[in-house]
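Fold and contact review
So you can see what is in the structure, the chains are spelled out below.
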Amino acid sequence: PVLKEVLDTLNLPVLELAGFEADDIIGTLSTQAQEHGFSVSILSGDKDCLQLVSPDTRAILPVRGITQVKEYDPEGVLKDMGFTPAQVTDYKALAGDSSDNIPGVKGIGEKTAVSLLERFGSLDGIYEHLEEVTPARVRNLLAEAKSIAFLSKNLATINRDVPLPLGPEDLEWKGPDIPRAHAKFVELEFYSLAQRLGSLRESEKAGETSGGVENPEGTHPIQALAAPAAQAPAAGSPDYRVVDTVDGLARFAEEAKATGRLAVYAEVSEITRDFRWPSLIGVSTGTRCFLLRQPEMNPEAWQDALWTHFGPLLVDDSVTKVGFDLKWLFTLCFKRGIRFSGKFFDVLVASYLLDPTRSSYRLPEIARKYTRIEVPFIPMKAEREADPASAIAATEAHFAVGAGSCLEAASGLKEDLERQGLTHLAEDVEFPLIEVLAAMEATGVGVDLPLGRSIRKEFGEALKSLEEVIYGMAKEEFNLGSPKQLAHILFDKLGLKPVKKTKTGFSTDAEVLESLSLEHELPAKILEYRQYAKLKSTYLDVLEDVINPTTGRIHSTFHQTVTATGRLSSSEPNLQNIPVRGELGRSLRRIFVPSQGRLFLAADYSQIELRIMAHMANDPSMIDAFVRGEDIHRRTASEMFGVPLDRVDSDLRSKAKAVNFGVIYGISDFGLARNTGVSREEARHFIETYFARYPMVKQYMEESIENARKTGYAVTIMGRRRPIPDIESRVRQKRSFAERTAINTPIQGSAADIIKLAMVKIYKRLQDEGLISKLILQVHDELIFEIPPSEEQIMRQLVTEEMEGVMQLKVPLKVDLDVGESWYDV
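Here the residue numbering is sequential within each chain, running from 1 through the sequence in written order. Local features are withheld for residues below a pLDDT of 70 in this predicted model, meaning they are given only at 70 or higher, and side-chain atom pairs are given and counted only at 80 or more; totals for whole chains, interfaces and linings count all residues. No hydrogens and no water enter the side-chain calculation; it runs on all heavy atoms of the structure.

**A short note on the overall build of the protein chain**
Looking only at helices and strands, the protein chain features 35 helices and 22 strands. Taken over the C-alpha atoms alone, the protein chain extends approximately 95 × 80 × 55 Å along its principal axes. Residue burial is assigned from relative accessible area. The probe radius is 1.4 Å, only protein chains are included, and a residue is buried under 20% of its type maximum, exposed over 50%, and partly exposed in between. Within the span of the protein chain, comprising 826 residues, buried residues form 49% of the whole. Every residue pair with non-hydrogen atoms within 4.5 Å of one another is taken to be in contact. Taking contacts inside the protein chain between residues at least 6 apart in sequence as the whole, the part at least 24 apart equals 65%. In short, Shrake-Rupley with a 1.4 Å probe defines the accessible areas, and a residue's cover is counted only from the protein chains shown. About 40,000 Å² of surface is accessible on the protein chain, with carbon and sulfur atoms providing 50% of the total. All tallies of charge rest on Lys and Arg as positive and Asp and Glu as negative; His and the ends of each chain are not included. In this description, the location of a charge corresponds to atom NZ of lysine, CZ of arginine, CG of aspartate or CD of glutamate. The average position of the 97 basic charges and that of the 121 acidic charges among the side chains of the protein chain differ by 4 Å. By definition, any uninterrupted DSSP run of H or I lasting at least four residues is a helix, any uninterrupted run of E lasting at least two residues is a strand, and each is numbered from the N terminus.

Encoded structure:
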């Protein structure tokens, strides 16, 4: 429906008719068009349309994705397929097509089908000369499946006689309704297309184009919309000055110092590789916008000039800094040995707090919402190749104008933060955390590269050994990375019962393999193989690429604007995904080591999510267990199964633990049964017994769902909000997921709030007390510090005080500490 709305604003007709497929409408329309004397092009992802190809009709099909296509005329069809357009339906009648549920003749494959058509011309010709078909096996197959063959041909044949309400003569396109289309594009966040429409609208106003009339350069409106066109500053964008001399840089710095305001915006993706200033930096003083562009001079001299004139602004308390993703500035300052100082506001982080569910945050979109400034988008690759000069101008304008938009957007963002009760979270947690994460990125973590290479070799040998074992079990070699080939081995050859089906066949995902492992050893070996392969490719194979050549350390990038719950994530490499359980994943942690003469100190919150649930649900029994310092899983088992604490064995404790953590995620009886290996009825009994013993937890869950229905979002202890739009969805699966999200987000999000606040407080104490120890990693509920042995006792006390005292809950927060010579050791 949304697509139809867009096409309507573009004045592009939509043809549809109940009871007929799109192929039939395309076939009818192409036939009518040829009769009217048109040349026809059919753009499709379906090879069925090849039967429509003729001297006047070509088909354009994708070769790879939608970036490469191939045009087919009759000769091209014959060359590529081995049969003519007229034989397409005959071919499918023989070979079938599983994607369209066309059975074909069982036992006849693609090569045999082509061979038969080369010899006999058509399906009719084959059956007219059936006695001449060889070998006998093929002749018998054809004879037995004659009715199926002709049924298959009928199914494969496109209907070219659909009673269409419109004909080719009614379909002349006169161009888009530009104002309506522009409004719809902005509403749907099609900003690049909206920008192109904007340029069309401006040229139309100037009388260069009108409706379907070609402009003086011969560009039809559809070309202007579809073909990339890089632009310099758009209408509504302020002018900017280019600063590419040392004198100009000095004058700009004086102006920024005088106004006391500085906005900064740049491309920062490569900062952590070389810790150098970007070649383009957009800046604004609140009165004017500038582009700091590296001139054709010694690059080192320009870097020095930036530190000489621009650097002091970053450490000047009297200059307020505003920007989009300011973390890179903090990181550069750390590598320079200075500390970013003064009040600052990060537009990216503020936008994330206001809506943490967005997949991306782009400054042009934020500027459009909070200012009247149009920030040009950075041109895409095709645009850069088509018009390099215009692309460079648009890129420079993006940064310069973007910096100016940051200052204007900040005031509106501040108002929205205040309106939603997020100011405290922004000013006391998220903004201070930017400096903490920058310090972690600048410091990095040490790597034992020889050990990493050794482990990589071990993993490679283990993979080869597993391959041989798997091939032995399957009694044949096959592509372990092919779901289709694996499905054949599991379900056809071994006769295992499929668990679930996808659009492309029977599923072989991890969940299915875990289930099948109970029946046969091969699925378990496949899972083991996949784990080795994933860990090797994700971490071990890229070690040399992710180690900084200058520092010899890994400087992972920490992201605070990615997850909807508020948790941090990391990349290059993603340290959050190294498995905690199992010796295989944990062995990777041996690679990560402190600097020579230093130690790692690890501090891990104990059962923080369960403690938060006890606090939020206000359940007396759970609170009492935590206050007493009891083993919560043993206490839960005692409550659920009615046995004394000292009689709870490991099996009962394990089941109670599964329920404890499952409840946080709104687990179903089916999910619990799958995780614990008990029957679904027994799992349902566990959950019912759990809620009977902990009634306040049940009440918390119901209230969380109800509150989300009323407000449209879930909220954490510190007021962090997560929109849950599907909470009223009519689709049961969507609604169920939304309800689980409403239960889990306050718990998981509050855990994120707590550890972030702890990081900020610990970092401040490290600075205030002049300690050498540094926070270098954060992984979920765990913090890793690199410390000198002389500070071990101080750090044990400091970290415990700050992490356990960061927030007063109805239950105590508890931290487990350990010290060692590698991440594995702690």
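Now that the structure has been shown, the text picks up again.
**Let's talk about the packing of aromatic side chains**
Note on aromatic contacts: the rings of Phe and Tyr and the six-membered ring of Trp form a pair at centre separations within 6.5 Å, being stacked when their planes are under 30 degrees apart, edge-to-face when over 60 apart, and tilted otherwise. With the rule as written, the count across this model stands at 23 aromatic pairs. With a centroid separation of 5.3 Å and an interplanar angle of 55 degrees, the aromatic rings of tyrosine 265 and phenylalanine 399 are classed as tilted. Of this pair, tyrosine 265 sits in strand E5 (residues 261-266) while phenylalanine 399 sits in helix H19 (residues 388-419), and the two are 134 residues apart along the sequence. Here the two residues tyrosine 265 and phenylalanine 399 agree in accessibility, since each one is buried. The lysine or arginine in question, lysine 321, covers the ring of phenylalanine 340, its NZ or CZ lying 5.4 Å from the ring centre. Over a ring means this: the NZ of a Lys or the CZ of an Arg is within 6 Å of the ring centre and within 35 degrees of the ring normal.

**Some details on the sheet that holds strand E16 (residues 592-593)**
What the three strands build is an open sheet, ordered E13-E10-E16; its pairing is antiparallel. On the outer flanks of this sheet lie strand E13 (553-554) and E16, each paired with one strand and no other. Pairs of strands are assigned from DSSP output, requiring at least two bridges between the strands. Bridge analysis of strand E10 (residues 445-447) against E16 gives two bridges, and the strand direction is antiparallel. What sits directly across from valine 447, in E16, is phenylalanine 592.

**Some remarks on the state of the cysteines**
Cysteine sulfur atoms are paired as a disulfide whenever they come within 2.5 Å of each other. Scanning the model with the defined rule gives zero disulfides in all. Looking at the unpaired cysteine 333, the closest cysteine sulfur is the one in cysteine 406, lying at 17 Å. Under the relative-accessibility criterion, cysteine 333 is labelled buried at 0%. Of all cysteine sulfurs in the structure, the one in cysteine 289 sits closest to cysteine 406, which takes part in no disulfide; the separation is 9.8 Å. A relative accessible area of 0% places cysteine 406 in the buried class.

**Observations concerning the side chain of glutamate 365**
Here glutamate 365 shows up in helix H17 (residues 363-370). Not counting residues up to four positions away in its chain, the partners in contact with glutamate 365 are Tyr191, Arg358 and Phe377.

**Some words on the pairing of strand E21 (residues 782-787)**
Counting buried residues along E21, six of its six residues qualify, which places the element largely inside the surrounding structure. Every second residue of E21 is oriented toward a common face, with Glu782, Ile784 and Glu786 on one face and Leu783, Phe785 and Ile787 on the other, all of them buried. One ladder, built from six bridges, connects strand E17 (residues 599-605) with E21; its direction is antiparallel. The residue bridging leucine 601 from the neighbouring strand is phenylalanine 785, located in E21. As judged from the five bridges shared by strand E20 (residues 774-779) and E21, these two strands associate in the antiparallel manner.

**Quick look at helix H3 (residues 74-81)**
All of the buried residues in H3 are Gly76, Val77 and Met81. Taken end-on, H3 shows its buried residues confined to a sector of 100 degrees, consistent with a single buried face. Among the exposed residues of H3, those pointing more than 90 degrees away from its buried face are Glu75 and Lys79. Taken together, the buried residues of H3 touch strand E3 (68-72) and helix H5 (110-120). Glycine 82 lies just past H3 and shows a positive phi near 90 degrees. Directions from the helix axis toward the C-beta atoms define the arc.

**Here we look at the side chain of threonine 57**
Residue position: threonine 57 is located in strand E2 (residues 57-64). For threonine 57, a relative accessible area of 2% corresponds to the buried category. Of the polar contacts made by the side chain of threonine 57, one reaches the side chain of glutamine 34; its length is 3.0 Å. Look past the residues within four positions of threonine 57 in its chain and what remains in contact with it is Gln34, Val40, Ile42, Leu52 and Tyr72. In protein, a polar contact requires one atom able to donate a hydrogen and another able to accept it; more generally it is a pair of N or O atoms within 3.5 Å, and residues adjacent in sequence count only if both atoms are side-chain atoms.

**So, the layout of surface pockets**
Its volume calculated, the largest pocket comes out at about 1,200 Å³. Cavity and pocket criteria rest on a 1 Å grid covering protein atoms alone: a 1.4 Å probe that fits but cannot get out defines a cavity, protein on both sides within 12 Å along at least 5 of 7 lines defines an open pocket, and an atom within 4 Å of a point defines a lining residue. Taken together, 29 residues form the lining of the largest pocket, with Val580, Arg581, Asp604, Tyr605 and Asp781 sitting closest to its centre. Mapped onto the lining of the largest pocket, the elements with two or more residues apiece are E17, helix H27 (608-617), helix H30 (650-664) and strand E22 (815-820). By the convention adopted, Pro, Cys, Tyr, Trp, Phe, Met, Ile, Leu, Val and Ala count as nonpolar, Lys, Arg, Asp and Glu as charged, and the other residues, Gly among them, as polar. The residue inventory of the lining of the largest pocket, partitioned by class, reads 13 nonpolar, five polar and eleven charged. Grid points are joined across faces, edges and corners, and a volume is the space filled by probe spheres set on the points.

**A few points about the pattern of salt bridges**
Salt bridge criterion: a side-chain nitrogen from Lys or Arg within 4 Å of a carboxyl oxygen from Asp or Glu. Here the structure, examined in full by the defined rule, presents 48 salt bridges. Across the pair lysine 184 and glutamate 187 runs a salt bridge whose closest N-O atoms are separated by 3.3 Å. A residue pair is termed a helical-turn pair when its members lie 3 or 4 positions apart in one helix, as lysine 184 and glutamate 187 do in helix H9 (residues 178-187) at three residues. Residue classification places glutamate 187 among the exposed positions, given a relative accessible area of 54%. When the shortest N-O distance is used, the salt bridge between arginine 765 and glutamate 801 registers 2.9 Å. Here arginine 765, found in helix H34 (residues 732-768), pairs with glutamate 801, found in helix H35 (residues 792-804); they are 36 residues apart in sequence, far enough to count as distant. Classification of glutamate 801 as partly exposed rests on a relative accessible area of 38%. One continuous salt-bridge network, built from bridges that share partners, spans Asp624, Arg628, Glu630, Arg635, Glu639 and Arg693.

**A short note on the pairing of strand E7 (residues 289-293)**
Taken across its five residues, E7 has four buried, putting it largely inside the fold. Relative to E7, strand E4 (residues 240-243) is paired through four bridges, and the arrangement is parallel. Paired with arginine 241 across the strands is phenylalanine 290, a residue of E7. Pairing geometry for strand E6 (residues 280-284) and E7, over five bridges, is antiparallel. Looking across to E7, one finds that isoleucine 281 is bridged to leucine 292.

**A look at the packing of H27 against H34**
At their nearest, the axes of H27 and H34 sit 9 Å apart, and the two run at 115 degrees to each other. Of the possible angle classes, the one that applies to H27 and H34 is roughly perpendicular. For the element pair H27 and H34, the recorded crossing hand is right-handed. The residues of H34 that touch H27, namely those facing Ile608, Glu609, Ile612, Met613 and Met616, are Pro746, Ile747, Gln748, Ser750, Ala751 and Ile754. Looking at the contact of H27 with H34 residue by residue, the classes come out as eight nonpolar, two polar and one charged. Structural elements are reduced to axes, namely lines fitted to C-alpha atoms, with helices fitted over the stretch in contact, and the angle between N-to-C directions of any two is expressed from 0 to 180 degrees. In this scheme, roughly parallel covers angles under 35 degrees and roughly antiparallel covers those over 145, while 65 to 115 is roughly perpendicular and the rest are oblique. Note: crossing handedness is left-handed where the near helix turns anticlockwise from the far helix by less than a right angle, and right-handed where it turns clockwise.

**Overview of the packing of helix H16 (residues 347-354) against H19**
Packing of H16 against H19 brings their axes to within 10 Å, and their N-to-C directions diverge by 30 degrees. Relative to H19, the element H16 is oriented roughly parallel. Crossing handedness for the pair H16 and H19: left-handed. Facing Val347, Ala350, Ser351, Leu353 and Leu354 of H16, the residues of H19 in contact are Cys406, Leu413, Asp416 and Leu417. Here the residues of the contact of H16 with H19 are counted per class, giving seven nonpolar, one polar and one charged.

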